[in-house]
Amino acid sequence: MKIKIFITGSSGFIGFHTAKKFLDKGYIVRGFDSMNNYYDVKLKKARLNILKKYKKFTFTKGNLENKKILSKSVFSFKPSIIIHLAAQAGVRYSIENPEVYLNSNIFGTFNIIELARKIKVKHLIIGSSSSVYGANKKLPFKEIDKTDHQISFYAATKKSTECLAHTYSSLWKLPITMLRFFTVYGPWGRPDMAYFKFTKKILNKRKIDIYNKGKMYRDYTYVDDIVDGIFKVTNKIPKINSNKKYKDDSLSHVAPFRVLNIGNTKKIYLMNFINVLEKELGIKAIKKYLPMQKGDVHSTLSDTNLLKRITGYNPKTKYQTGIKKFVEWYQNYYG
Ligand SMILES: NC(=O)c1ccc[n+]([C@@H]2O[C@H](COP(=O)([O-])OP(=O)(O)OC[C@H]3O[C@@H](n4cnc5c(N)ncnc54)[C@H](O)[C@@H]3O)[C@@H](O)[C@H]2O)c1
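The following paragraphs examine the structure supplied in this document. Since the structure is predicted, the reported quantities are computational estimates derived from the model, not experimental observations. (Residues numbered from 1 in each chain as written. Predicted model: local features only at pLDDT ≥ 70, side-chain atom pairs only at ≥ 80, totals over all residues.)

## Comments concerning the overall build of the protein chain
- For the protein chain, the count of helices and strands is 11 helices and 13 strands.
- Whereas a compact globule of 335 residues would reach a radius of gyration of roughly 20 Å, the protein chain reaches 19 Å, a difference of no more than 12%.
- By its C-alpha atoms, the protein chain is 55 × 45 × 35 Å across when sized along the principal axes.
- Expressed as a percentage of the 335 residues in the protein chain, the buried residues total 45%.
- For the protein chain, contacts bridging at least 24 residues in sequence account for 81% of all contacts bridging at least 6. (Helix = DSSP H or I, 4+ residues; strand = E, 2+ residues; numbered from the N terminus. Rg over C-alpha atoms; globule rule 2.2 N^0.38 Å. Buried ≥ 20, exposed ≤ 12 C-beta atoms within 10 Å, placed from the backbone. Contact = placed C-beta atoms within 7 Å.)

This is the structure we're talking about:
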């Protein structure tokens, strides 16, 4: 297989799993990541070391904002597909550090889109987020819903990238798919996310912080299902008006552009998630109930019918199974 895929954020949680999937399928992959210290760099290095075992994997360490390093890496590799998953993630951190988000998510994504145009990639896939639905009350979230009221700076940068991407797609007829991920969890996950922090604290017999007194739910999506969706979408290259045949009104009339939700389509209440985690760890959590956090949304739930119609996407992992697999990995990795 000669298809070359350039994956940004390849040492991150979703990027690592995505790169591994493509390598397992025989694709040639170049990863790009700054290896920044937003969370434990050792975990990023451990992910990278797994990828480095593949002969068809090469890697560039660099910042998306550094045009020189980024363009050298892209031009020398000449990928036909770019999957852009590097970003400054995390809702809470964006309240205190908005500028990092501007740089990584907006300038960084702009640099990727511009390069994708220059080398005329066949398909550019960009990671967006369910947080763009912001304060919307109507659930499940559907791609055609308005996304005008983000409530965190992180979400606002994600929405901005969707706008930038649509404009470039329209101006240059650049095929772009934006994937709105819904709370991704699983082995090799992100230490800044609630389920990861809970696990660490429960094992150390420390209190866990439960916001909004636990009265919220999320559409938790197991990472293998996400990666399966990314893999399936890769060769579904959008064309102008190509959503029409999928009987969906979220058409892009002027650009080869699509926005697709990618979630598990199930409501999982936070307390149920914690119950399963306690069961798998065999320890009861010490709980501290707190009010709602700034920037957080109450609930998320995806409608993924469009993705299903286009790719046959069918998330399979129940949260009980996903948590079990995460705990197994955690105990094995951290001993
Ligand atoms: N995990 C989730 O639940 C979730 C939900 C919605 C959206 N997303 C989006 O999915 C994508 C991947 O998220 P993740 O959970 O794997 O996060 P992650 O933090 O584990 O991975 C991101 C990677 O990008 C790298 N990076 C960050 N800024 C960079 C920069 N300026 N230049 C180069 N590299 C940089 C980091 O070092 C990291 O390894 C992101 O776009 C994120 O916003 C994730």
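Moving on from the model shown.
## Here's the deal with unusual backbone geometry
- Geometrically, the link from L139 to P140 is a cis peptide bond, its omega value of -5° lying close to zero.
- Positive phi is not limited to glycine here, since M35 has a value of about 55°.
- As for its placement among the helices and strands, M35 is situated in the loop between β2 (28–33) and α2 (41–52).
- Overall, M35 belongs to the partly exposed group, with 14 C-beta atoms counted inside 10 Å.
- With a phi angle near 50°, K120 is a residue other than glycine that sits in the positive phi range.

## Quick look at the pairing of strand β5 (residues 123–129)
- Taking burial as the measure, the 7 residues of β5 include 7 buried ones, the bulk of the element.
- On β5, burial covers both faces: H123, I125, G127 and S129 on one face and L124, I126 and S128 on the other are all buried.
- Looking at chain direction, strand β4 (residues 81–84) and β5 are connected through 4 bridges and run parallel. Bridge assignment links I81 to a residue of β5, and that residue is H123.
- With 6 bridges joining them, β5 and strand β6 (residues 176–181) adopt parallel strand pairing. By the bridge assignment, G127 is partnered in β6 with L179. (Pairing = 2+ DSSP bridges.)

## Observations concerning the site of the ligand
- Near the ligand, the surroundings consist of 27 residues, among which G9, G12, S34, A87 and G127 are the closest.
- Contributing elements (two or more residues each) for the shell around the ligand: α1 (13–24), α5 (98–118) and β5.
- For the shell around the ligand, the element with the most residues is α1, which contributes 3 residues.
- Considered class by class, the residues forming the shell around the ligand number 10 nonpolar, 13 polar and 4 charged. (Near = placed C-beta within 6 Å. Nonpolar A, V, L, I, M, F, W, Y, C, P; charged D, E, K, R; others polar.)

## Quick word on the environment of D209
- Tracing the backbone through its elements, the reader meets D209 in strand β8 (residues 207–211).
- In this structure the C-alpha to C-alpha distance between D209 and Y289, which are 80 residues apart in sequence, comes to 6.2 Å.
- Beyond its immediate stretch of four places on either side in the chain, D209 contacts K288 and L290.

## Remarks on the sheet that holds β2
- Sheet architecture is open: 7 strands sit in the order β3-β2-β1-β4-β5-β6-β11, paired in parallel fashion. Looking along the sheet, the strands with just one partner apiece sit at the ends: β3 (57–61) and β11 (257–262). Here the strands of the sheet are splayed against their neighbours by 20° on average, with no regard to which way each runs.
- Running at roughly 165° to strand β1 (residues 4–8), α1 makes contact with β1, β2, β3, β4 and β5 of the sheet. (Axes fitted to C-alpha atoms, helices over the stretch in contact; angles between N-to-C directions.)

## Focus: helix α3 (residues 67–77)
- For α3, every residue scored as buried is listed here: L70, S73 and V74. The arc enclosing the buried residues of α3, seen along the axis, measures out at 90°, which places them on a common side. Exposed and oriented more than 90 degrees from the buried face of α3 are K68, F75 and S76.
- If you follow the buried residues of α3, they end up packed against β1, β2, β3 and α5. (Arc of directions from axis to C-beta.)

## Brief notes about helix α11 (residues 319–334)
- Over its 16 residues, α11 runs 22 Å from end to end, which matches the ideal 22 Å to within 8%, given 1.5 Å per residue.
- At its buried positions, α11 is contacted by β7 (184–185), α7 (194–203), β10 (221–222), β12 (268–269) and α9 (270–281).
- The positive-phi residue at the C-terminal boundary of α11 is G335, with phi of around 75°. (Expected span 1.5 Å × (residues − 1).)

## A few points about the packing of α1 against α2
- Relative orientation of the contacting elements α1 and α2 amounts to 10°, with a least axis distance of 10 Å. With respect to α2, the element α1 is oriented roughly parallel. Only R47, I50 and L51 of α2 make contact with α1, whose side of the interface consists of F16, A19, K20 and L23.
- Residue classes in the contact of α1 with α2 are distributed as 5 nonpolar, no polar and 2 charged. (Parallel < 35°, antiparallel > 145°, perpendicular 65-115°, else oblique.)

## Description of the environment of A89
- With respect to the secondary-structure elements, A89 resides in the loop between β4 and α4 (93–96).
- According to the C-beta neighbour criterion, A89 is buried, with 27 such atoms within 10 Å.
- Spatially, the C-alpha atoms of A89 and N241 are 31 Å apart, while their sequence positions differ by 152 residues.

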